[in-house]
Amino acid sequence: MRTLLVIGLSWAIGLALTAHARNEPEPRPASALAQEFSQARARRIQQQLVGDGTPRAIGSAANLAAVQRISTQLTQLGLQPALQQRLACAQSRCGNITNLVARVEGRQPGSVLLVAHHDSVEASPGASDDAAGVAVLLETARALLAGPSLRHGVILLISDGEEVGSLGATAFATDHPWMRDVAAVINVDNGGTSGLSLLYGTGVGNLGVVDTYARVVPHPASSSVLAIGHAYLPRASDFSVFAARGLPGLDLAFAGDEALYHTALDTVERTHPGSLQHEGDCVLALTRALAAGDLQHLVSVDAAWFDLFGRWVVRWPAVWSLPLALVALGLLALTMRRLRMPPMAAASALAAALLATLASGLLAVVTQLVLRRLALIPADYIRAPYWLVLAMLGVGVLCVVAVSGRLVRVEPAALELGVWCTWTLGAVTTALVLPGASVLFLPTALTASVARVLLGHSRYAATLTSAAAAIALAAAWFPAWALAPDTFGLSALVVFAAPAAWIGSLLLPGLASLSARQRRWLMLTTSSVVLVGLGGHALARKFDAASPQRVNVIAYTDATARRSVAIVDTTWGSARAAAPAPMRAALAKLASRTPEDSAPFAWSSTPMLFASLAELTQPTPAITVHVEASHSEATTLRVQLAPSVRRLLVLANEPAPIASLRIGTRRWPSVLRPGRHGSRYRTWGLYAPAADSMLKLEWDSAQHAATELTFVADMPELPDSFRALLDSRPSWAVASQSGDRSVVSLRLRP
Ligand SMILES: [Zn+2]
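Quick caveat, the model's predicted, so the values are computed rather than measured.

Chemist: So what about the overall build of the chain? Which residues, and what values?
Modeler: Within the chain, the regular secondary structure consists of 21 helices and 27 strands. Since a compact globule built from 750 residues should have a radius of gyration of about 27 Å, the 29 Å found for the chain is in line with a globular shape. On the principal axes, the C-alpha backbone points of the chain span a range of 90 × 65 × 55 Å. Taken over 750 residues, the chain has a buried fraction of 59%. A fraction of 79% describes how many contacts in the chain between residues 6 or more apart in sequence connect residues 24 or more apart. Only carbon and sulfur atoms are counted for the fraction: they give 61% of the accessible area of the chain, which is about 30100 Å². Charge separation in the chain, taken as the distance between the mean sites of 60 positive and 50 negative side-chain charges, equals 9 Å.

Shown next as structure tokens:
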């Protein structure tokens, strides 16, 4: 019982320290010293960039106007901004981008590249993502210019087209002459509106940059687990472009209140002042340190690291993880022999920990499926996810309590050492498979094994070891784990339940010493927590103005079939919520018929609520395609678009005998995407397209006459008749990502 209380208390302290460590710093006023980063000065820049809040999607008038405003500000700083404008391609997407670049000269060759993007998604003012990043860069440049001259220069890249696949960053990396001088990169790109600016990603051989981060950042917030998670999640940023080219660097972002990310609600007022201040503090300190340091030898070995409650960064070369884990294992084996503990204890603890984790994970998956079925997880991000998080933590602990009842044959003192062996085996496994992830196990394992040796036979050895290891666990786990609700939302409940059971393995020795009655009482209490969590979740409102449902309105015209539909699209992430009742009613009224629920686009299986309209919403053609020349090897098409078209998709039903598609002289890469009924489409995307483009299709067989191409154009405006439908969107719903728009498709056999 005593050990249980001590571990509980240690975790409470760890939780309090974590919460304190994640507090945003005090923002600095406009009157701050010239060499300091001031939130108030940065916010003025952010405000000017966002202007009236019109989204700055690639190719839009607002995008170009914003470039003008940033250019003026760079000139006012005494820099000489230059534009990089061209057609850029990355993956299957091409687009006409406008990058803005400027440089602060250094005394020696080699430069630090600072990157933030000025474009936004079509539905959002993009104040945090990423006008805040641009503001951080400009205020940093101002502070640098106010200081002494720099050893290495600093290049500012205000990139375009990040939101459609890092097109601007790719253009800079592939053919800007300054790229040759770049030796390190700092990318600033936010995924939410609040919280500390976290170090999310680094390039390979990152011990050098992590060391710099640890030395100079006043309030560190990072972990190699975060960097690993970021690398595996399909959420690329401009940083990926440079990391893929082997450059060392740091990818920074604040990501709290993810529900507002890429929505119309990402406004200047919602960007937390403390988040902006912290991001600026990090970027200024890092830039100064990198520009003053030895850029040639920055790339070294890979590191494993975590911040110790926001004060220091504990770090080591990742290759040390295995030897350190083996040292911990050796020390534990020694202690077990000295205390004559049966080796079976380790096997029991390992079996119990794995069983509890597995059971907890399974229960989470089942809960997820059932709740989705019942429409109780209508979106990954809802107003109050904490009820369900509480229930999942409860499930984890419940599983540990349940398995502990089967272990009474192993004496608690032996079980305690067995638990530390289990954690050490976790450290050995991660050291072998994913060394950066060893931060999750090694600190706990090493603390426990060393403490056990130092404390020897003393009376409180077990209790004090548990306390020390529980604190080490809290430091390595809690800050990264606390990000899970903002990172995953409710898309994977297993992220909460399974680790809760694994962490709960620390409680096993204490639980094994309880009487059957005490254990039953504990099971009852934990079950109640689970039920309260589930009940609270079922009853809680899912959306409100601060955490809204994402709903887009689309007017779609199939110009070939001469048919139009109105669509209410509620898909987001891994979930699809029901359309708000007022919008369903307005849709029925607009179409004078009951809406259907299936896939409205031939090239996608995504279901949406839609209704056919009596009249065409796009009477004048937005796309016209003429065959200019054709022979058995190649067909040249002239594609003319209405001026408001901001995206053109070209799709070919697979298998299509297309060797390549060229736009102008440039080869245009494609991706394969699943369509309806098991079909597959080769897809090409063009952003900010010219009004008049020549496409050249090169065939790889003369048998191409049956190939059908589909051209799809997106435009930001909706017909006037949609006004009532738009007005029916409730206050707790918001447009996001590509936003409200008109879509026109045209089929052609070239
Ligand atoms: Zn962004």
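Past the structure itself, the notes keep going.
Chemist: Give me the pattern of salt bridges: which residues, what numbers.
Modeler: What the rule picks out here adds up to 24 salt bridges. In this structure, the salt-bridge partner of Arg682 is Glu654, at a minimum N-O distance of 3.8 Å. Placement of the pair is Arg682 in strand 23 (residues 680-687) and Glu654 in the loop between strand 19 (647-653) and strand 20 (658-663), with a sequence separation of 28 residues. Judged by relative accessible area, which is 17%, Arg682 ranks as buried.

Chemist: Go over helix 10 (residues 321-338) with me, naming the residues and quoting the values.
Modeler: Compared with an ideal rise of 1.5 Å per residue, which puts 18 residues at 26 Å, helix 10 spans 26 Å between its outermost C-alpha atoms and is within 8% of the ideal. Looking only at helix 10, the buried set comprises Ser321, Ala325, Ala328, Leu332, Thr335 and Met336. Taken around the axis of helix 10, the buried residues stretch over an arc of 100°, which confines them to a single face. Within helix 10, the exposed residues directed more than 90 degrees away from the buried face are Leu334 and Arg337.

Chemist: Outline the sheet that holds strand 20, listing residues and values.
Modeler: Read across the open sheet, the five strands follow the order 17-18-24-20-21; overall the sheet is antiparallel. Of all the strands in the sheet, the pair left with one neighbour each is strand 17 (623-630) and strand 21 (666-667). With seven bridges connecting them, strand 17 and strand 18 (residues 634-641) associate as antiparallel partners. Paired with Val625 across the bridge in strand 18 is Val639.

Chemist: Which residues make up the packing of aromatic side chains, and what values do they have?
Modeler: Applying the stated criterion across every chain yields a total of 11 aromatic pairs. On the numbers, 5.0 Å between centres and 20° between planes, the contact of Phe601 with Trp603 is stacked. Taken as a pair, Phe601 and Trp603 share a single burial class, namely buried. Aromatic rings pair up to connect Trp423, Phe441, Trp477, Trp481 and Trp502 into one cluster. Taking NZ or CZ as reference, Arg103 lies 4.8 Å from the ring centre of Trp178, over its face. Cation over ring: Arg550 sits above Trp572, and NZ or CZ is 3.8 Å from the ring centre.

What counts, and where the lines are drawn
- Residues numbered from 1 in each chain as written.
- Predicted model: local features only at pLDDT ≥ 70, side-chain atom pairs only at ≥ 80, totals over all residues.
- Heavy atoms only, no water.
- Helix = DSSP H or I, 4+ residues; strand = E, 2+ residues; numbered from the N terminus.
- Rg over C-alpha atoms; globule rule 2.2 N^0.38 Å.
- Buried < 20%, exposed > 50% of the residue type's maximum accessible area, 1.4 Å probe, protein only.
- Contact = heavy atoms within 4.5 Å.
- Areas by Shrake-Rupley, 256 points an atom, 1.4 Å probe, with all protein chains shown as cover.
- Lys, Arg positive; Asp, Glu negative; His and termini not counted.
- Charge placed at Lys NZ, Arg CZ, Asp CG, Glu CD.
- Salt bridge = Lys/Arg side-chain N within 4 Å of Asp/Glu carboxyl O.
- Expected span 1.5 Å × (residues − 1).
- Arc of directions from axis to C-beta.
- Pairing = 2+ DSSP bridges.
- Phe/Tyr/Trp six-rings, centres within 6.5 Å; stacked < 30°, edge-to-face > 60°.
- Lys NZ or Arg CZ within 6 Å of the ring centre and 35° of its normal.

Worth remembering: the numbers are spatial, not functional.
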